[in-house]
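What follows is each chain in one-letter form.
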Amino acid sequence: MSKPAVLIVGAGAVGHALGYHLHLAGADVTFLVRPGRVPAFTAPRQLYDYNDDVLKTFDGYRTVDGTAELDGQAFAFVVVTLDGHASRTDQGTATLRAVGELISGTDAVVLMDGIGVDLRAFYRETLGIPDERLLHGFLGMLAHQGSAGLPVPAGADAAAIAAAEICYVHPSSRIGFTIVRTHPVAAKRFAALYDRSKVSRCGFMSPKIADVVGSAVFTIYAAWDIAGWPPIGTVVADRELWSLACRAQREILTLPRNRAVGKVAGALLGPRLTAAIHQGQQKQMLPLDTAAFNRFHHGGKVKAQDTRVLRDFAAEGERLGRPMTALRELLSRIP
């Protein structure tokens with residue numbers, strides 16, 4: 001663990017924000033990008049930290065556009081930043097297979113960042129690795145390209161933001177990355193590395209909670225999208241839309257796959273508690289405008305992932321004889 005090698009698949013906002021903090025932790029970071037894209041990610045890169053209101057320089061990493069360049073190198077961890085939809089495209093599947101071949105015969109642990117119904121099984125099969133070497137991890141920070149055009153917070157350094165390739169903000173907890181503890185030993189190994197950055201820390205989430213939370217949150221993003229991405233309080237104030245989103249959320253939570261935890265969550269997560277959770281998250285991410293970020297991210301970049309999750313759950317519920325009325329209504333109204 002003195003200088004462990006980490007391969008990050010994808011060099012977008014998530015990849016760079018994570019890679020920078022792993023670099024601070026002493027990791028040897030390599031990015032795997034699409035063919036022909038290496039020049040676009042030449043070091044150094046400028047990252048803007050909303051919390052500190054300063055530019056930070058990220059260099060000392062390597063970028064390759066094919067796994068053949070990595071033959072013979074041993075990686076402690078591989079982090080795949082592809083979203084759930086992109087992972088299942090032809091290109092995404094081919095990338096995962098190539099990564100699986102690269103780490104075959106090693107003990108490298110893979111962390112998948114995407115979300116999707118039964119996505120874990122898809123990753124395990126496509127990579128060809130045993131279950132104990134696959135973890136689900138996701139960024140606790142919010143990160144976006146500097147070119148996203150998000151509003152500049154009051155008092156922030158507009159020139160620094162304009163000069164940044166990537167901008168990011170930590171929640172007030174300073175948890176920059178969260179791992180689902182499906183396999184505690186592997187999860188602790190990654191957390192021990194990440195925490196060495198000293199400026200960001202790794203959190204943990206139980207698999208049961210992660211499955212439930214990951215299942216239902218997209219109904220809220222759908223309602224937010226339908227409303228046009230105003231501040232979350234405006235969405236909550238639309239009682240008809242908010243009620244519809246929360247009913248759809250309950251339909252997903254109470255699917256048999258979520259078992260007892262889902263039933264409890266479905267009973268507890270009504271309109272008030274759901275609103276409190278999302279309004280609280282908005283405060284935790286200040287000074288970033290969370291609504292503007294979600295418009296860019298969930299309303300654009302990963303919208304195909306989010307919508308696919310909802311459609312897959314609607315189809316699953318209907319196969320089980322459940323009408324999924326609220327979820328189908330919500331889906332029909334997404335722009």
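Preceding block: the structure.
Residues numbered from 1 in each chain as written. Predicted model: local features only at pLDDT ≥ 70, side-chain atom pairs only at ≥ 80, totals over all residues. Heavy atoms only, no water.

### Considerations on the overall build of the protein
Phase 1: Summing up its helical and strand segments, the protein has 14 helices and 12 strands in all.
Phase 2: Rg of the C-alpha trace for the protein: 20 Å, near the compact-globule value of 20 Å for 335 residues, within the 12% margin.
Phase 3: Burial analysis of the protein (335 residues in total) assigns 52% to the buried set.
Phase 4: When contacts within the protein are restricted to residue pairs at least 6 apart in sequence, those whose partners lie at least 24 apart make up 74%. (Helix = DSSP H or I, 4+ residues; strand = E, 2+ residues; numbered from the N terminus. Rg over C-alpha atoms; globule rule 2.2 N^0.38 Å. Buried < 20%, exposed > 50% of the residue type's maximum accessible area, 1.4 Å probe, protein only. Contact = heavy atoms within 4.5 Å.)

### Some remarks on a nonpolar patch on the surface
Phase 1: Among the surface-exposed residues, Val264, Leu268, Leu273 and Ile277 lie close enough to one another that they form a single nonpolar patch of about 340 Å² accessible area.
Phase 2: Contributing elements (two or more residues each) for the nonpolar patch: α10 (259–268) and α11 (271–284).
Phase 3: Assignment of secondary structure puts Leu273 in helix α11.
Phase 4: Among the residues examined, Leu273 registers a relative accessible area of 39% and is labelled partly exposed. (Patch = residues over 30% accessible without salt bridge, like charges linked within 9 Å, V, L, I, M, F, W, Y side chains within 5 Å. Areas by Shrake-Rupley, 256 points an atom, 1.4 Å probe, with all protein chains shown as cover. Salt bridge = Lys/Arg side-chain N within 4 Å of Asp/Glu carboxyl O.)

### What about the packing of helix α9 (residues 239–253) against α11?
The relative placement of two packed helices is expressed as an angle between their axes plus a distance between the axes.
Phase 1: Axis separation between α9 and α11 bottoms out at 10 Å; the angle between their running directions is 95°. Between α9 and α11, the crossing angle belongs to the class labelled roughly perpendicular. Between α9, through Trp242, Cys246 and Gln249, and α11, the contact on the second element is made entirely by Pro271, Thr274 and Ala275.
Phase 2: Classifying every residue of the contact of α9 with α11 by side-chain character gives four nonpolar, two polar and no charged. (Axes fitted to C-alpha atoms, helices over the stretch in contact; angles between N-to-C directions. Parallel < 35°, antiparallel > 145°, perpendicular 65-115°, else oblique. Nonpolar A, V, L, I, M, F, W, Y, C, P; charged D, E, K, R; others polar.)

### A few points about the sheet that holds strand β3 (residues 45–49)
Phase 1: Read from one edge of the open sheet, four strands run β4-β3-β10-β9, paired in mixed fashion. In the strand order of this sheet, the two ends are held by β4 (54–58) and β9 (142–145), each with one partner. Across the sheet, the mean angle separating the axes of adjacent strands is 25° when strand polarity is ignored.
Phase 2: The pairing of β3 with β4 spans five bridges and is classified as antiparallel. Note on β4: the bridge partner recorded for Tyr48 is Leu55.
Phase 3: Those strands touched by helix α1 (residues 13–24) are β3, β4, β9 and β10 (166–169), and its axis lies near 80° from that of β4. (Pairing = 2+ DSSP bridges.)

### Section: the packing of aromatic side chains
Phase 1: Using the criterion set out here, one finds 13 aromatic pairs in the structure.
Phase 2: For the pair Phe31 and Tyr61, a centre-to-centre distance of 5.2 Å together with 85° between the ring planes defines the contact as edge-to-face. In this pair, Phe31 sits in strand β2 (residues 28–32) while Tyr61 sits in the loop between β4 and β5 (62–64), placing the two residues 30 residues apart along the sequence. In this structure, Phe31 and Tyr61 share a single accessibility class: buried.
Phase 3: Aromatic rings pair up to connect Tyr20, Phe31, Phe58, Tyr61 and Tyr168 into one cluster.
Phase 4: Residue placement shows Arg88 over the ring face of Phe122; its charged tip is 5.5 Å from the ring centre. (Phe/Tyr/Trp six-rings, centres within 6.5 Å; stacked < 30°, edge-to-face > 60°. Lys NZ or Arg CZ within 6 Å of the ring centre and 35° of its normal.)

### Digging into unusual backbone geometry
Phase 1: In this structure, Pro44 follows Ala43 across a cis peptide bond, with omega equal to 0°.
Phase 2: With an omega dihedral of 10°, the bond running from Leu286 to Pro287 counts as a cis peptide bond.
Phase 3: Following the sequence through the fold, Pro287 ends up in the loop between α11 and α12 (290–301).
Phase 4: Positioned with a positive phi, Met324 is a non-glycine residue whose angle comes to about 50°.
Phase 5: Residue class for Met324 comes out buried when judged on its relative accessible area of 2%.

### Topic: the environment of Phe204
Phase 1: Following the sequence through the fold, Phe204 ends up in strand β12 (residues 201–205).
Phase 2: Note on Phe204: relative accessible area 37%, which makes it partly exposed.
Phase 3: The spatial distance from the C-alpha of Phe204 to the C-alpha of Val14 is 18 Å, given a sequence separation of 190 residues.
Phase 4: Setting aside its immediate chain neighbours within four residues, Phe204 contacts Thr178, Ile179, Arg181, Ala187, Lys188 and Ala191.

### Notes on the sheet that holds strand β8 (residues 134–139)
Phase 1: In space, the eight strands of this open sheet follow the order β5-β2-β1-β6-β7-β8-β11-β12, with mixed pairing throughout. Each edge of the open sheet is held by one strand with a lone partner, namely β5 and β12. In this sheet, adjacent strand axes meet at a mean angle of 25° when their direction is disregarded.
Phase 2: In the sheet, strand β11 (residues 175–180) pairs with β12 via five bridges, with the strands oriented parallel. Of the residues in β12, the one forming a bridge with Ile179 is Phe204.
Phase 3: Its contacts with the sheet place helix α4 (residues 119–127) against β6 (77–80), β7 (109–112) and β8, and it is angled at close to 125° to β8.

### Some remarks on the nonpolar core
Across soluble globular proteins, nonpolar side chains have a tendency to be buried as a group.
Phase 1: Among the nonpolar cores identified, the biggest contains 38 residues, and Leu22, Leu111, Phe177 and Phe190 are the most heavily contacted of them.
Phase 2: Core analysis: the second largest hydrophobic core is formed by 32 residues, Ile220, Ala248, Met324 and Ile334 among them. (Core = buried A, V, L, I, M, F, W, Y, C linked by side-chain atoms within 4.5 Å.)

### Looking at the pattern of salt bridges
Phase 1: A full pass over the atoms with the stated rule returns 11 salt bridges.
Phase 2: The closest approach of N and O atoms between Lys56 and Asp52, which form a salt bridge, is 2.9 Å.
Phase 3: For Arg257, the salt bridge is made with Asp118, and the minimal N-O distance between the two is 3.3 Å. Remark: Asp118 occurs in the loop between β7 and α4 and Arg257 occurs in the loop between α9 and α10; sequence separation between them is 139 residues.
Phase 4: For Arg257, a relative accessible area of 35% gives the class partly exposed.
Phase 5: One salt-bridge network, held together by shared partners, links Asp49, Asp52 and Lys56.

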